[in-house]
Amino acid sequence: MMIWKCPIPLKVMIFVWMAAHDRICGVQLKKKKWIGPEKCLTCDKPESSDHILFQCPMAVFLWSFLRDCLGWPVSPISCSSLFLDLGEFQR
């Protein structure tokens, strides 16, 4: 519910909600007759929201870059860890 109280655009809120509920991956899209692959095109592992956004080597690189630029102690590894970490950073 924290997502809906943030002062961010509605499109971003919806995307974050979908990512948190694992609704943006190939497996979920296959249920809607999507014809694309279920595996990550970068590393050939099964897609999930956490994989796409946090665990794929490309995502790990980007989060490491953000961590270093923003001075965060750790990079998030999942949607839930991102929300927990952001709560800690705001204190």
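Before reading further, recall that the structure is shown in the block above.
### Topic: the nonpolar core
In step 1: In terms of nonpolar packing, the biggest core is built from 10 residues, these being Ala-19, Ile-24, Cys-40, Phe-54, Cys-56, Ala-59, Trp-63, Trp-72, Cys-79 and Leu-82.
In step 2: Taken together, the elements giving at least two residues each to this core come down to α4 (57-70) and α5 (79-89).
In step 3: Here Cys-56 is in contact with Cys-40, Thr-42, Cys-43 and His-51, once residues within four sequence places are set aside.

### Examining the side chain of His-51
In step 1: Relative to the elements of secondary structure, His-51 occurs in helix α3 (residues 49-55).
In step 2: Judged by relative accessible area, which is 5%, His-51 ranks as buried.
In step 3: Filtering out sequence-adjacent residues up to four positions away, His-51 remains in contact with Cys-40, Cys-43, Lys-45, Pro-46 and Cys-56.

### A short note on the packing of aromatic side chains
Two aromatic rings, taken as a pair, are described by how far apart their centres are and by the angle between their planes.
In step 1: Counted according to the given criterion, the structure contains two aromatic pairs.
In step 2: Here Phe-54 and Trp-63 contribute two aromatic rings whose centre-to-centre distance is 5.3 Å and whose plane-to-plane angle is 20 degrees, an arrangement assigned as stacked.
In step 3: You can call Phe-54 buried: its relative accessible area is 4%.
In step 4: Ring centres 6.3 Å apart and planes at 25 degrees place the aromatic pair Trp-63 and Trp-72 in the stacked group.
In step 5: The class for Trp-63 is buried, based on a relative accessible area of 16%.
In step 6: Given the relative accessible area of 18%, Trp-72 is considered buried.
In step 7: Here the aromatic residues Phe-54, Trp-63 and Trp-72 are joined through ring pairs into a cluster of three or more.

### Quick look at a nonpolar patch on the surface
In step 1: Residues Trp-4, Leu-10, Ile-14 and Met-18 make up a contiguous nonpolar surface patch of about 360 Å² in total accessible area.
In step 2: With respect to the helices and strands, the residue Met-18 is situated in helix α1 (residues 10-20).

### Focus on α4
In step 1: Between its terminal C-alpha atoms α4 stretches 20 Å, which fits the 20 Å expected from 14 residues at 1.5 Å a residue.
In step 2: In the segment just after α4, Gly-71 is the residue with positive phi, at about 75 degrees.

### Some remarks on the environment of Ile-24
In step 1: The residue Ile-24 is located in the loop between α1 and α2 (26-30) in this model.
In step 2: A relative accessible area of 18% places Ile-24 in the buried class.
In step 3: Along the chain, Ile-24 and Asp-50 lie 26 residues apart, while their C-alpha atoms are 9.6 Å from each other.
In step 4: For Ile-24, the residues in contact, after removing those within four places along its chain, are Phe-15, Met-18, Ala-19, Leu-29, Ser-49, Ile-52 and Leu-53.

### Quick notes on unusual backbone geometry
In step 1: Its identity as a non-glycine residue notwithstanding, Asp-44 has a phi of 60 degrees, on the positive side.
In step 2: Tracing the backbone through its elements, the reader meets Asp-44 in the loop between α2 and α3.

About the criteria used
- Residues numbered from 1 in each chain as written.
- Predicted model: local features only at pLDDT ≥ 70, side-chain atom pairs only at ≥ 80, totals over all residues.
- Heavy atoms only, no water.
- Core = buried A, V, L, I, M, F, W, Y, C linked by side-chain atoms within 4.5 Å.
- Buried < 20%, exposed > 50% of the residue type's maximum accessible area, 1.4 Å probe, protein only.
- Helix = DSSP H or I, 4+ residues; strand = E, 2+ residues; numbered from the N terminus.
- Contact = heavy atoms within 4.5 Å.
- Phe/Tyr/Trp six-rings, centres within 6.5 Å; stacked < 30°, edge-to-face > 60°.
- Patch = residues over 30% accessible without salt bridge, like charges linked within 9 Å, V, L, I, M, F, W, Y side chains within 5 Å.
- Areas by Shrake-Rupley, 256 points an atom, 1.4 Å probe, with all protein chains shown as cover.
- Salt bridge = Lys/Arg side-chain N within 4 Å of Asp/Glu carboxyl O.
- Expected span 1.5 Å × (residues − 1).

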